[in-house]
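# An overview of the molecular structure
Listed below, chain by chain, are the residues.
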Amino acid sequence: MTVWESSSVAPFIPPLCHRLSRAHQLQKGTGAQIRWTKTAGSVSDRFQDSSVFNETLHIAKILRTQGGRYYCKAENGLGSPAIKSIRVDVYYLDDPVVTVHQSIGEAKEQFYYERTVFLRCVANSNPPVRYSWHRGREILTQGSDKGVEIYEPFFTQQGETKILKLKNLRPQDYANYSCIASVRNVCGIPDRSVIFRLTNKTASPSIKLLVEDPIVVNPGQTVSLVCITTGGEPPPLLTWVSTNDSLPQRSVVKGGTLTLPAITSDEAGVYSCVASNNVGNPAKKSTTIVVRALKKGRFWITPDPYHNDDNIQIGREVKISCQVEATPPEELTFSWLKNGRALRSSERMVITQTDPDISPGTTNLDIIDLKFTDFGTYTCVAALKGGGIPEISIDVNISSTTVPPLFFSFLVPPSLTVPRGKSPLVAREGDTVELECLVSGKPKPIILWSRSDKEVPMPDGNMQMESYDGVLRIVNVSREMTGSYRCQTSQYNGFNVKPREAVVELIVQYPPTVEPVYMEKRQGLGRPVVMTCKVLRAHPSRVLRFEWLLSNRLLHAGAFDAQRDETEYTIRSLNRDGWGEYTCNVINEAGAGKCTFQVTGKAYPPEFYYDTYNPLWQNRPRVYGFKLQWTQMNPGAVDRIVAYRLGIRQMGLQRWWEQEIPVDGQINKGELMTHNLTELIKPESYEVRLTPITRFGEGDSTIRIVTYSAPINPHLREFHCSFEEEPICMFTQDKNDDFDWTRHSAATRDTKYTPNTGPSGDRSGSKQGFYMYIETSRPRKEGDQARLVSPFFNVAPKNPYGITNPPAYCFGFFYHMYGKHIGTLNAFLKQKGQSASEAPVWSLSGNQGNHWKQAKVSVHPTSSFQVGPTRLHQSSARPRCPDWPPSSALSVLVSIGCRILMHRFTSPDIKQKGVHRRCWARREQYHSWLAIRRPNVCEE
């Protein structure tokens, strides 16, 4: 199945497995549960609670990332589940991007200097893209210009790449280059193109930053970064990026200036200015923004006064350490106070700013030979040299006790307890809960919260959360948060002792999760309907009850037993009062889960048949017809379809025209139905809506667009081509030839310079009738060619076993070959798979007189075929068929079809004055000059 990205109509995925489960349900008399899943590579996406349990999975505005294989699983508890899958290919085509790269090299020992330019075209697409290069209006192909090389596409991380190499730049190489990317109009995706102008001033970008590196600022300041271009052609485009993946939300970018108002510490990082003009590599300049900050001040004492083996006593050494996290670290300064007065380093009071054994940002106060006079309050003060940031101070109180040996009485070891009734803590999903640990100690330590039952992040995404009061607050608690939580004192709590910890249990109650959340049950009158609501999980699960309702009217209620996890409601014989929305509420202490069943007699939507063999045909010159074909999805699921309501409106208009298409008898599964749409105005498109009708009423509608275009595969039973209309019956001029065929009439032809050549009228003798001709006078020269390309032709529907009895086709046309220097006109048949063309199937040489004549050729292709090219030569000898010329039109040839190409090559003798050679092809009397029919042989 193929869809296109961001489609305005929700793509429809045929529920293949639903058809199987429906049949199984009718046979076994029990309902089946449907679940859609998607597999992309080795990763399985089961949609979880957002899964669609409906029989039909709708994807609105599908994205390219949603392509892949979708699985539908149906199970009813009997035997193995039924599983079917369908692959969804999302087609898209991004705008192509052209980048230019230049290499300048010099070969050693040779006087050779080359300046080479590479133009690379990249476009992301599905299916693979096809590229074509143009220089101005000139189509560039391999070999068309000795100074140009075109590499075959190859794949890079950016997509499929096509490279155009310009060797040793010449003046004519400075021009506009167009890269056209095409996915061959698949899903109606148009071609996309990009233009790059190459000049002698084309150069890669260069830039300059008008700021310092790094930039150190205080929080709340406004920072402006200025970037200017110093070179580059075309003018480069400036963008700003940061190491945080995206710029801050409050940032403002204007030209090359990036402004960060009221900057915060979270916005610090590396900011880069990038200049790109698709020439060479982008230019990039970076600077680092550093936001001053001080945080997380801690202290500890060595030795630990509460460690029995290493007491602090009078006469011994004591070290007080203070640590602070600072940005930037080189601006960090420390000072010490004793009882509020500055403390200077001395022989007994040694102050060091760094400690190699401790993390950066630390200072130590070593008290040598502790004395009673050293008792007091010591303060560690941390600050930044640049100022603007509040200082951080940490107080340590040292005093004596009445019991020797002397300890530091200011220190109280920490303890943690869980208040009574706070564990286990029971809450309902969506509530706000507070987990509490009572903490004591002097100084009061910071509490770290984490999960103790498993290694998962905390609600804020980190593995630990800090709390200064011992309370962990969780907003909008969910069922996944059920478990054990550990509260633990920080390791920097003033002691070198083992951290204290406690555990709090959290139980989250939530309503039952049920399936299906929503299911549509389509059934005919008088048939049974079974609805089953299954409980997947619930807490608490010990008390579960259910109630079935129809439009708020209670039908049945009860309680679950310990062995069952589902409840079922059955309609034995559906009547008109049974249509509606059924609800099953499964209830526990925390709330209710709801299964919803929509019981309806609506018919499923029809499915348009897009692989129709030649659905478009020509009725009259100004109107066309379309053969609408469709099948009915699950025709036996509901009551018999009695009619279809057909709606049609012209695109861009509001008014709908409607009619009913009656249906006789029962529609079989897979039966192809048709209806001819006529009197459609060229070249308008139409929106067609088809709705099935049953005793219930209207079913689901299906809409498609009918778009007029020159038929790509005209029917080959009988095809006539007329040149009376300006569109020249779907023929097109080949873009790779030297000049074009011209639509003309004898009344408008000037015979002053061509008295002895060309027709004096059309085949009926009228001077008003039109025909196609080519003019071979100057500036035409020998070897010039003109090709007229017909649309595709279907030979027969696809046959996987091959064609055993190839049909015969008659290719007929009228020609006029009159003049002194008429050469040879050849018609060739080329079949699919041939490496070279065969001999011409029809050939004629020389002057045939001033008359219109008809040619008929019987061809017997065994596969898709092409007729052409035709050729005119001065010599009467039969020329060898040349290799098929490269053509963008031929590159989209479908597996079944043919093309008719008419070529005109001028005679070698072009010096004779006043002699013009032309080749005419004229219509039949019924306004067609060319006909292809399918008799056994050509009629005489």
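Thresholds, definitions, all that
Residues numbered from 1 in each chain as written. Predicted model: local features only at pLDDT ≥ 70, side-chain atom pairs only at ≥ 80, totals over all residues. Heavy atoms only, no water. Salt bridge = Lys/Arg side-chain N within 4 Å of Asp/Glu carboxyl O. Buried < 20%, exposed > 50% of the residue type's maximum accessible area, 1.4 Å probe, protein only. Pairing = 2+ DSSP bridges. Helix = DSSP H or I, 4+ residues; strand = E, 2+ residues; numbered from the N terminus. Axes fitted to C-alpha atoms, helices over the stretch in contact; angles between N-to-C directions. Core = buried A, V, L, I, M, F, W, Y, C linked by side-chain atoms within 4.5 Å. Contact = heavy atoms within 4.5 Å. Patch = residues over 30% accessible without salt bridge, like charges linked within 9 Å, V, L, I, M, F, W, Y side chains within 5 Å. Areas by Shrake-Rupley, 256 points an atom, 1.4 Å probe, with all protein chains shown as cover. Disulfide = S-S within 2.5 Å. Phe/Tyr/Trp six-rings, centres within 6.5 Å; stacked < 30°, edge-to-face > 60°. Lys NZ or Arg CZ within 6 Å of the ring centre and 35° of its normal.

The next subject is the pattern of salt bridges. Applying the stated criterion across every chain yields a total of 26 salt bridges. In this structure, the salt-bridge partner of glutamate 138 is arginine 135, at a minimum N-O distance of 3.4 Å. In this structure arginine 135 comes out as buried when scored by relative accessible area, which is 9%. Note that arginine 292 is salt-bridged to glutamate 331, the shortest N-O span being 2.8 Å.

Once that is clear, we can look at the sheet that holds strand 19 (residues 237-242). In a beta sheet, neighbouring strands are held together by backbone hydrogen bonds and run either parallel or antiparallel to one another. Across the sheet, which stays open at both edges, the four strands sit in the order 17-23-22-19 with mixed pairing between neighbours. With partners counted over all chains shown, the strands left at the sheet margins are strand 17 (215-217) and strand 19, one partner each. Adjacent strand axes in the sheet meet at a mean angle of 25 degrees, parallel and antiparallel pairs treated alike. Here seven bridges tie strand 22 (residues 269-276) to strand 23 (residues 283-291), and the two strands are oriented antiparallel to one another. Across the sheet, residue valine 274 finds its bridge partner in strand 23, namely lysine 284.

Counting residues in hydrophobic clusters, the biggest one holds 26 residues, and the most contacted among them are Leu119, Trp133, Leu164, Leu166 and Tyr177. Of all the secondary-structure elements, those providing two or more residues to this core are strand 5 (82-93), strand 6 (97-106), strand 7 (113-123), strand 9 (130-135), strand 11 (148-150), strand 13 (159-166) and strand 14 (176-182). Among the elements that make up this core, the one with the highest residue count is strand 7 (four residues). Dropping the residues within four chain positions of it, leucine 166 is found in contact with Arg115, Thr116, Val117, Leu119, Gly147, Val148, Asp173, Tyr177 and Leu198. Core analysis: the next-biggest nonpolar cluster, separate from the first, contains 25 residues, Val318, Met349, Ile351 and Val396 among them.

Spatially, the four strands line up as an open sheet ordered 24-25-29-28, and their pairing is antiparallel. Of all strands in the sheet, those with a lone pairing partner are strand 24 (293-302) and strand 28 (349-352), marking the two edges. Across this sheet, the average inter-strand angle for adjacent strands is 15 degrees, counted without regard to direction. As defined by bridge partners, strand 25 (residues 318-327) adjoins strand 29 (residues 362-367) across six bridges and the pair is classed as antiparallel. Looking at strand 29, one finds that lysine 319 is bridged to aspartate 366.

Further remarks concern a nonpolar patch on the surface. Where nonpolar side chains cluster on the molecular surface, the patch consists of Met651, Ile703 and Ile705 and spans about 240 Å² of accessible area. Along the polypeptide, isoleucine 705 turns up in strand 56 (residues 702-706).

Once that is clear, we can look at unusual backbone geometry. Each neighbour pair has its own omega, and for asparagine 126 with proline 127 the value is 5 degrees, a cis peptide bond. When you line up the elements, proline 127 lands in the loop between strand 8 (125-126) and strand 9. Note that the residue after glutamate 515, namely proline 516, is joined by a cis bond; omega there is 0 degrees. Examined against the element boundaries, proline 516 turns out to sit in the loop between strand 40 (501-515) and strand 41 (518-522). We note that asparagine 634 has phi near 45 degrees; this positive angle belongs to a residue other than glycine. Tracing the chain through its elements places asparagine 634 in the loop between strand 50 (623-632) and strand 51 (643-650). Residue class for asparagine 634 comes out buried when judged on its relative accessible area of 9%. The residue glutamate 679 is not glycine, and still its phi comes out positive at about 60 degrees.

This next bit is on the state of the cysteines. Applying the stated criterion to the full structure yields five disulfides. What pairs with cysteine 322 in a disulfide is cysteine 380, and their sulfur atoms sit 2.3 Å apart. Taking the sign of the S-S torsion, -80 degrees for the link of cysteine 322 and cysteine 380, the bridge is left-handed. In this pair, cysteine 322 is assigned in strand 25 and cysteine 380 in strand 30 (residues 376-384), connecting sequence segments 58 residues apart. You can call cysteine 380 buried: its relative accessible area is 2%. Left without a disulfide partner, cysteine 584 is nearest to the cysteine sulfur of cysteine 533, which lies 3.8 Å away. With a relative accessible area of 0%, cysteine 584 lands in the buried category.

Our next topic: the environment of arginine 704. Within the fold, arginine 704 resides in strand 56. Judged by relative accessible area, which is 12%, arginine 704 ranks as buried. For the pair arginine 704 and glutamate 607, spaced 97 residues apart in sequence, the C-alpha separation works out to 9.8 Å.

Summed over all chains, the structure comprises seven aromatic pairs. Centroid distance tryptophan 630 to tyrosine 644: 5.4 Å. Interplanar angle 75 degrees. Geometry classified as edge-to-face. Highlighted residues: tryptophan 630 in strand 50 and tyrosine 644 in strand 51, separated in sequence by 14 residues. On the basis of relative accessibility, which here comes to 0%, the residue tyrosine 644 falls in the buried class. Members of the aromatic cluster, connected to one another through ring pairs, are Trp548, Tyr569, Tyr582 and Phe597. Over the ring of tyrosine 92 we find arginine 64; its NZ or CZ atom is 3.8 Å from the centre of that ring.

Keep in mind these numbers describe shape, not what the thing actually does.
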